[in-house]
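Tertiary structure, described
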Amino acid sequence: MPVCLPLHVPVRYNMVNADEIAKLCYERFKQLPRRGKPEPGREWTLLAAVVKISRCAADSDTVEKEVISLGTGTKCIGRTAMSPNGEVLNDSHAEVIARRGCIRYLIQELHRAVSGGDSSVFRQTDERGGKWRLQPGVSFLFFTSHTPCGDAAIVPMIDSQSQPCPPVTSVEGHEGTDARGDLKREAEESSEGKNMKLPRLEEEETAEKNLEDRGDTKQPFPSNSSTSEHPSQSHSVETVSQDSAQLEMKTRGPSDSAGLHYQVPDIHRTGAKCVSGGPADPLHPGMGYHSTGVLRVKPGRGEPTLSLSCSDKLARWGVLGFQGALLSHYLEEALYFSTVVVGKCPYSQEAMQRALVTRCSHVSDLPAGFSVCPPVLLQSSLEFPFSQAQTQLQHKAGQGRISPCGAAISWCNVTEQPLDVTANGYKHGVTKKAFGTAKVRSLLCKLELFHSFLSLVAATEPSARPDSLRRAELQTYWDYKQASQLFQQAWQQLHSQAFPLWPRSDRDLLLFH
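What comes next is a walk through the structure.

Reading the values: the criteria
- Residues numbered from 1 in each chain as written.
- Predicted model: local features only at pLDDT ≥ 70, side-chain atom pairs only at ≥ 80, totals over all residues.
- Heavy atoms only, no water.
- Helix = DSSP H or I, 4+ residues; strand = E, 2+ residues; numbered from the N terminus.
- Buried < 20%, exposed > 50% of the residue type's maximum accessible area, 1.4 Å probe, protein only.
- Contact = heavy atoms within 4.5 Å.
- Pairing = 2+ DSSP bridges.
- Salt bridge = Lys/Arg side-chain N within 4 Å of Asp/Glu carboxyl O.

**Quick notes on the side chain of Glu 43**
You can see Glu 43 is positioned in strand S3 (residues 43–44). Owing to a relative accessible area of 14%, Glu 43 belongs among the buried residues under this scheme. Ignoring any residue separated from it by four or fewer positions in sequence, one finds Glu 43 in contact with Lys 37, Pro 38, Phe 386, Thr 391, Ser 403 and Cys 405.

Written out as structure tokens, the structure reads:
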């Protein structure tokens, strides 16, 4: 019988239905042009979106739901490919793409508001100082088709249906490790003589390796221990407990020399690596492979990255808001996601709560306009048609190996150039001749978003500008970010109380203008 009952995963909260949100986002993706989308049956990707929720009237239970930003992607560039001019899109994971597209949308709405037009999002505050706040009844929701990479992705394997291949059986004498410390699949190899039908391991192992592009791997391993502790772990760092495995031990058919075969407790793994200076993953087989509750950086192809995992970024947005330092100049209060909805995928409410909420729940002494705002966590029963699992089901002979799609798509509800398709941090399809020009830049890169923000400042009457933007010495991207003093104070509190190992940004990469 199962070790314990799974935690209840809510599908609906208040006026938000997870399946309705998922369907809305999938339909929006379906309406996009073909460019940048995965090849059906051969390529997979991840989807994320920001949805605006508008209450139709103050005393009404009716709400309007609108996708304002959507992103796909699984890739991340290495540190040596980063640009000191802010011209490269460093992180192309779907969650980051969707959030950056949302920034484009918010800048447009603020531009409309400061120019005297009607904005469905912002209204001016009663106090002087050039500040704005959300219209009554407006909130934002975040959707992602898969659990965010990093801490939230370290979830128990419930059964073989949630795994890319059947569980490895425990066979005595077959526990070799490769150079990474990962247990080899020798147990499966030892069964070849028993006419057991095995999955297409070559394709599945390739898919598992490709998951490292987004920071997740899903590979079952035999386990002799269920827990492990690192001597330097804090109260928030732990290995996954056996109680959360929710797996049952089973006997399997005829026994071999090892006797009984067991379904082994294991977890879905993340390829995101622990940040330096803190606890490392124990790398024990099975449930003891990962430490949980720690900051992680996304893996890159062949070299490390400086991009924190999506789990970490979502946790950060739950305290600092998702608007960023620049827009904080204009906003009286930070903007928070009221709800996070995850599509059908391997999922643990416990892991999501730990990764996105618990790690920051104790943060205090935040400046005015900032607070700890944990989102409601929901899961949909609807799966993204271009998920890795669906791609494996649709795969046909002759299509080649299954792999993650190399392109990232951004769509947001803006008037000019709503669609932005990129690959390797630059515009998709550009020639080498265009390098060094604006033609290669993604509309989501730091430089382009900074220029959009400067256009907003220029459109604001000098007398109506926020006090923090009236300093003559503001020139570089770094200057404008540091001048957002309340945001920087909030970041200092979050950094010191919850994420002391969060790597500091390299100032030399932020001095462009």
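**Describing the pairing of strand S16 (residues 296–299)**
For strand S14 (residues 273–274) and S16, the ladder comprises 2 bridges, and the chain directions are antiparallel. Bridge assignment links Lys 273 to a residue of S16, and that residue is Val 297.

**Structural notes on unusual backbone geometry**
A positive phi angle is found at Leu 283, which is not glycine, with a value near 65°. Looking at where Leu 283 falls in the secondary structure, it is placed in the loop between S14 and strand S15 (291–292). A positive phi angle, close to 50°, is found at Gln 417, a residue other than glycine. For Gln 417, the location among the structural elements is in the loop between strand S21 (407–412) and strand S22 (419–423).

**Description of the pattern of salt bridges**
Oppositely charged side chains can form a pair if their charged atoms are brought close together. A complete count under the given rule lists 18 salt bridges for this structure. Glu 333 serves as the salt-bridge partner of Arg 133, at 3.5 Å between the closest nitrogen and oxygen. Of this pair, Arg 133 sits in strand S9 (residues 132–134) while Glu 333 sits in the loop between helix H6 (324–328) and strand S18 (337–342), placing them 200 residues apart in sequence. Look at Arg 133 and you get partly exposed, because its relative accessible area is 27%. Two residues, Asp 151 and Arg 354, come together in a salt bridge whose shortest N-O distance is 2.9 Å. Here Arg 354 lies in helix H7 (residues 349–356) and Asp 151 lies in the loop between strand S10 (138–144) and helix H3 (186–189), a separation of 203 residues in the sequence. Per residue, the accessibility class of Asp 151 equals that of Arg 354, and both read buried. Three or more residues joined by partner-sharing salt bridges are found here, namely Glu 39, Arg 42 and Glu 43.

Such coordinate-based values are descriptive only and should not be taken to indicate function.
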